[in-house]
Amino acid sequence: MAPLQVWSAPLPSTVYPLPYGLPKGIALEINDRVVVITGGGSGIGAAMARRFMDDGAATVVVTDIDGAAARAVAADVGGEPATLDVTDEDATAALIREIEDTHGGIDILCLNAGIPTDGSVDAPNEDWQRTWDVNVMAHVYATRHALPAMLERGEGYIVTTASAAGLLTNIGAAPYSVTKHAAVALAEWLSVTYGSRGIGVSCLCPMFVDTPMLDAFAGHTHEMRDWVENLAIDVDDVAAAVAEGIREEKFLILPHPVVLDYFQRKALDYDRWIAGMRTLNQDLTRKDVDGRP
Ligand SMILES: NC(=O)c1ccc[n+]([C@@H]2O[C@H](COP(=O)([O-])OP(=O)(O)OC[C@H]3O[C@@H](n4cnc5c(N)ncnc54)[C@H](O)[C@@H]3O)[C@@H](O)[C@H]2O)c1
């Protein structure tokens, strides 16, 4: 059989006109901007709210399914609270319209709400669906309703919080890994499609961050918990990386720089990367994800 030649041919220059980085959408200064954050009542979202207000945002609308948490964070940082379940498309559309009417538009939209879901393909369908709805469809809904006004103004910035699990994988958590890959794919697609029309897109992909979400690891092996604890960074470092990423219009925001190294190794030699991850999986779980030793 003749060897496949497809990928050995150089890519036509019309596909990738310049190596990296051009054309740009828009890199924003945060000063005087109207910012909206989903899942802002805790962890990374709350730290972003604080950081944006410190950096001179005109306002930060802190939204969360937990209305009391959103109110507490908004009061703390001097922003505005709103209760929003991001899986409710009608409520998302209504809130976006209300903020646009009140503030004249949304400059920076941070799609940060997310849930961790452990398990293999055997996780219940409801768990898969809920994770898909929160981690992916919420980004579809919010961008569907916020983009028209941004495109009309020729300016806007979207930050999606995915995860290193969306570039690599998350040991023991298939629904989380799969949905975070989809979140990265959507952000990538939005940037490719709208970048030349004034829309900046960044995709935040941290490894572990010291937030209540890490409680999800409570029932795991001590090897896993130690590993997570050693890699966990502070929320303020993540928020600082986001602010810098917006100013520089960086697509991938990687508060753990080592993620770029792992991602490059994965692309360079996928089989070797899989082999390494199998070993890590064994070391951290001492059993496979289906519970077999
Ligand atoms: N903590 C980590 O180690 C880590 C690592 C990588 C990525 N992330 C991602 O960062 C984002 C923020 O997570 P965090 O670590 O700050 O967790 P967190 O649990 O502290 O905060 C998540 C917030 O999202 C809210 N939320 C959950 N479901 C919602 C819904 N349906 N509608 C609106 N709000 C909802 C929660 O009420 C909570 O306030 C998530 O997307 C998460 O996947 C976290």
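Above this note sits the structure.
Here's what I pulled together on the structure shown here.

This part covers the overall build of the protein chain. Along the backbone of the protein chain there are nine helices and seven strands. Contacts spanning at least 24 positions in sequence make up 72% of the contacts within the protein chain whose residues lie at least 6 apart.

Here the focus is the site of the ligand. Surveying the vicinity of the ligand reveals 29 residues, the closest of which are Gly39, Ser42, Gly43, Gly114 and Thr211. Taken together, the residues of the shell around the ligand sort by class into 14 nonpolar, twelve polar and three charged.

Looking now at unusual backbone geometry. The backbone of Asp32 sits at a positive phi, close to 70°, despite the residue not being glycine. On the secondary structure map, Asp32 appears in the segment before β1 (34–37). The exposed category is assigned to Asp32, around which 10 C-beta atoms lie within 10 Å. With phi around 45°, Glu249 is a residue other than glycine that occupies positive phi space. With respect to the element layout, Glu249 can be found in the loop between α7 (235–247) and β7 (252–253).

The next subject is the packing of helix α1 (residues 43–54) against α7. Where α1 contacts α7, the two axes come as close as 8 Å, and the packing angle between them is 55°. On the basis of their axis angle, the class for α1 and α7 is oblique. Both α1 and α7 take part in a crossing whose hand is right-handed. In this structure, α1 contributes Gly43, Ile44, Ala47, Met48, Arg50 and Arg51 to the contact, and α7 contributes Val235, Asp236, Val238, Ala239, Ala240, Val242 and Ala243. Residues of the contact of α1 with α7, tallied by class, amount to nine nonpolar, one polar and three charged.

This next bit is on helix α5 (residues 174–194). When the terminal C-alpha atoms of α5 are compared, their 30 Å separation across 21 residues agrees well with the 30 Å that a helix rising 1.5 Å per residue should span. The elements touched by buried residues of α5 are α4 (125–153), β5 (156–161) and β6 (199–204).

Here we come to the nonpolar core. Ranked by internal contacts, the top residues of the largest apolar core, which has 70 residues, are Val35, Met48, Ala49, Val60, Leu109, Cys110 and Val242. Per-element accounting of this core gives the leading share, eight residues, to α5.

Residues Val34 and Val36 of β1 are buried on one face, and the alternating residues Val35 and Ile37, pointing to the opposite face, are buried as well. Bridging between β1 and strand β2 (residues 59–64) involves four bridges; their strand directions are parallel. Within β2, the position partnered with Val35 by the bridge is Val60. Following the chain from β1 across α1 to the adjacent parallel β2, one finds a crossover that is right-handed. Bridge count between β1 and strand β4 (residues 108–111): three bridges; the pairing is parallel. Paired with Ile37 across the two strands is Cys110, which belongs to β4.

Definitions and cut-offs
Starting afresh in each chain, residues are numbered from 1 along the sequence in its written order. Totals for whole chains, interfaces and linings use every residue, but because this is a predicted model, local features are given only for residues with pLDDT of at least 70 and side-chain atom pairs only at 80 or more, for both listing and counting. Only DSSP runs of H or I covering at least 4 residues are called helices, and only runs of E covering at least 2 are called strands; the numbering of each starts at the N terminus. Contacts are defined on C-beta atoms placed from the backbone: any two residues whose C-beta positions lie within 7 Å are in contact. Here, nearness is defined through the C-beta atom: a residue counts as near a molecule or strand if that backbone-placed atom lies within 6 Å of it. For this classification, Asp, Glu, Lys and Arg are treated as charged, while Ala, Val, Leu, Ile, Met, Phe, Trp, Tyr, Cys and Pro are nonpolar and the rest, including Gly, are polar. In this scheme the burial state of a residue depends on its C-beta neighbours within 10 Å: 20 or more other such atoms mean buried, 12 or fewer mean exposed, and anything in between means partly exposed; the C-beta positions come from the backbone. What counts as an axis is a line fitted to C-alpha atoms, over the stretch in contact for a helix, and the angles between N-to-C directions run from 0 to 180 degrees. Oblique is the label for any angle not covered by the other classes, which are roughly parallel (under 35 degrees), roughly antiparallel (over 145) and roughly perpendicular (65 to 115). We call a crossing left-handed when the near helix sits turned anticlockwise from the far one by less than a right angle, and right-handed when that turn is clockwise. Helix span is expected to be 1.5 Å times the residue number reduced by one. Remark: nonpolar core denotes a set of buried Ala, Val, Leu, Ile, Met, Phe, Trp, Tyr and Cys residues whose joining runs through C-beta atoms within 7 Å. Only strands joined by at least two bridges in the DSSP assignment are considered to pair. Seen with its strands pointing away from the viewer, a crossover is right-handed when the path leading from the first strand over the helix to the second is clockwise.

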